[in-house]
Amino acid sequence: MSERQIRSAAGSILYDASCVVKPDDELFTPAYWAGRTAIAATTGGRGQVVFIRDGSRHWVLRHYRRGGLIARWVDDSYLWTGEDRTRSFREWRLLSMLHQEGFPVPVPVAARYVRSGPSYCADLITTEIPDARTLADRITGAALALPVWRDIGRVIARLHHRGVHHVDLNAHNLMVGSGSEVHIIDFDRACVRAGGAWQAAVIARLKRSLEKIKRQRVDVRFGNAEWQALRDGYRGGSIAGSQEATKPRS
Ligand SMILES: Nc1ncnc2c1ncn2[C@@H]1O[C@H](COP(=O)(O)OP(=O)(O)O)[C@@H](O)[C@H]1O
Ligand SMILES: [Mg+2]
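Here goes a summary of the coordinates provided. Computed from a prediction, not measured in an experiment: that's the story for all the values here. (Residues numbered from 1 in each chain as written. Chains lettered and ligands numbered in written order. Predicted model: local features only at pLDDT ≥ 70, side-chain atom pairs only at ≥ 80, totals over all residues. Heavy atoms only, no water.)

**Quick notes on the coordination of the magnesium ion (ligand 2)**
No. 1: Surrounding the magnesium ion (ligand 2) are the protein donor atoms Asn173 (OD1) and Asp186 (OD), at 2.2 Å. Highlighted residues: asparagine 173 in the loop between strand E12 (164-165) and strand E13 (174-176) and aspartate 186 in the loop between strand E14 (182-184) and strand E15 (191-192), separated in sequence by 13 residues. Of the two residues, asparagine 173 and aspartate 186, neither departs from the other in class, the shared state being buried. (Donors = N, O, S within 2.8 Å, 3.2 Å for Na, K, Ca; no water. Helix = DSSP H or I, 4+ residues; strand = E, 2+ residues; numbered from the N terminus. Buried < 20%, exposed > 50% of the residue type's maximum accessible area, 1.4 Å probe, protein only.)

Here it is in structure tokens:
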């Protein structure tokens, strides 16, 4: 990866020069892609996500939005507190770090902010995880094998051992690929911090999310055995993680 930054019309773009040739505002404009076989899709998340299929490029474009639950309107502007604190640049840099450290996260392509007065809007492009479905969808109508649940626990343990606090780790932000490999997505507002009570809170939140999906949908295969497998993976992953930390780096 090769991190570069360039000014755009009303803001700036952070991108990986090894995969973006022409970094400009068009990249973040769904209408631009719509004329070039892009697939627009709305999913379980808050906002609209555009799946870009352009030659060998399989990218996912997301516009940062908040609200949605109570509010009928969606607000997409955030208070400007400096470039390095924009949602998009923070997520791009965290994904870049995690990807280079071998974590199963989307590879960041480009991030942008656009300023207007005291606020800004933001967008992020990542590489699409091929043939992946959200955990929520994977457990609807068919069971996910217990070793995969263990892998989910292990991946979360690795992330926690690295000190990464994913603040919205629900069943829509975990994805399972066709080979049953586990990915974590949506690192909006995530941060690196010392271990603490937040780690147990993340696990508890994921459990609430899975239980909610079970209430909302028909034929969701999630029960005690699945949760125990995830917990086992998490415990095992934490032990492996701490042993790894004591090993000298080669
Ligand atoms: N890199 C990616 N590869 C495949 N699918 C993705 C990727 N990023 C997002 N998605 C899909 O889009 C949905 C919403 O994206 P997400 O990053 O979670 O944003 P938000 O929840 O804020 O809308 C995800 O639940 C997933 O289905
Ligand atoms: Mg999400």
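Next comes the rest of the account.
**Describing helix H2 (residues 87-100)**
No. 1: Given a rise of 1.5 Å per residue, 14 residues ought to cover 20 Å, and the 20 Å separating the end C-alpha atoms of H2 matches this to within 8%.
No. 2: Listing the buried residues of H2 in full gives Arg87, Ser88, Phe89, Glu91, Trp92, Leu94, Leu95, Ser96 and Leu98. (Expected span 1.5 Å × (residues − 1).)

**Brief notes about the side chain of serine 209**
No. 1: Tracing the backbone through its elements, the reader meets serine 209 in helix H5 (residues 197-216).
No. 2: When its relative accessible area of 12% is taken as the criterion, serine 209 is described as buried.
No. 3: Leave out the neighbours within four places in its chain, and serine 209 touches Asn170 and Ala171. (Contact = heavy atoms within 4.5 Å.)

**Observations concerning the sheet that holds E13**
No. 1: Strand order in this open sheet of three strands is E11-E13-E14, and the pairing throughout is antiparallel. The sheet terminates laterally at strand E11 (133-134) and E14, the two strands that pair on one side only.
No. 2: Two strands pair when backbone bridges link them, and E13 and E14 are joined in this way by three bridges, in the antiparallel orientation. Residue methionine 175 lies in a different strand from E14, and its bridge partner there is histidine 183.
No. 3: Against the sheet, helix H4 (residues 146-161) touches E13 and E14, its axis set at about 35° to E14. (Pairing = 2+ DSSP bridges. Axes fitted to C-alpha atoms, helices over the stretch in contact; angles between N-to-C directions.)

**Topic: the pairing of strand E1 (residues 3-7)**
No. 1: Alignment of E1 against strand E2 (residues 11-16), held across five bridges, turns out to be antiparallel. Residue pairing across strands places glutamine 5 opposite leucine 14, the latter belonging to E2.

**Looking at the nonpolar core**
No. 1: Within the largest apolar cluster, 48 residues are counted, with the highest numbers of intra-cluster contacts made by Leu135, Trp149, Ile152, Phe187 and Leu210.
No. 2: In this structure, this core is formed jointly by two domains, domain 1 (3-127) and domain 2 (133-246), each of which donates at least three residues.
No. 3: Apart from residues no more than four positions distant in its own chain, leucine 135 is found in contact with Leu144, Trp149, Ile152, Ala171, Leu174, Met175, Val176 and Leu210.
No. 4: Within the second largest apolar cluster, 13 residues are counted, among which are Trp33, Ile52, Val109 and Ala110. (Core = buried A, V, L, I, M, F, W, Y, C linked by side-chain atoms within 4.5 Å. Domains from an automatic or database assignment.)

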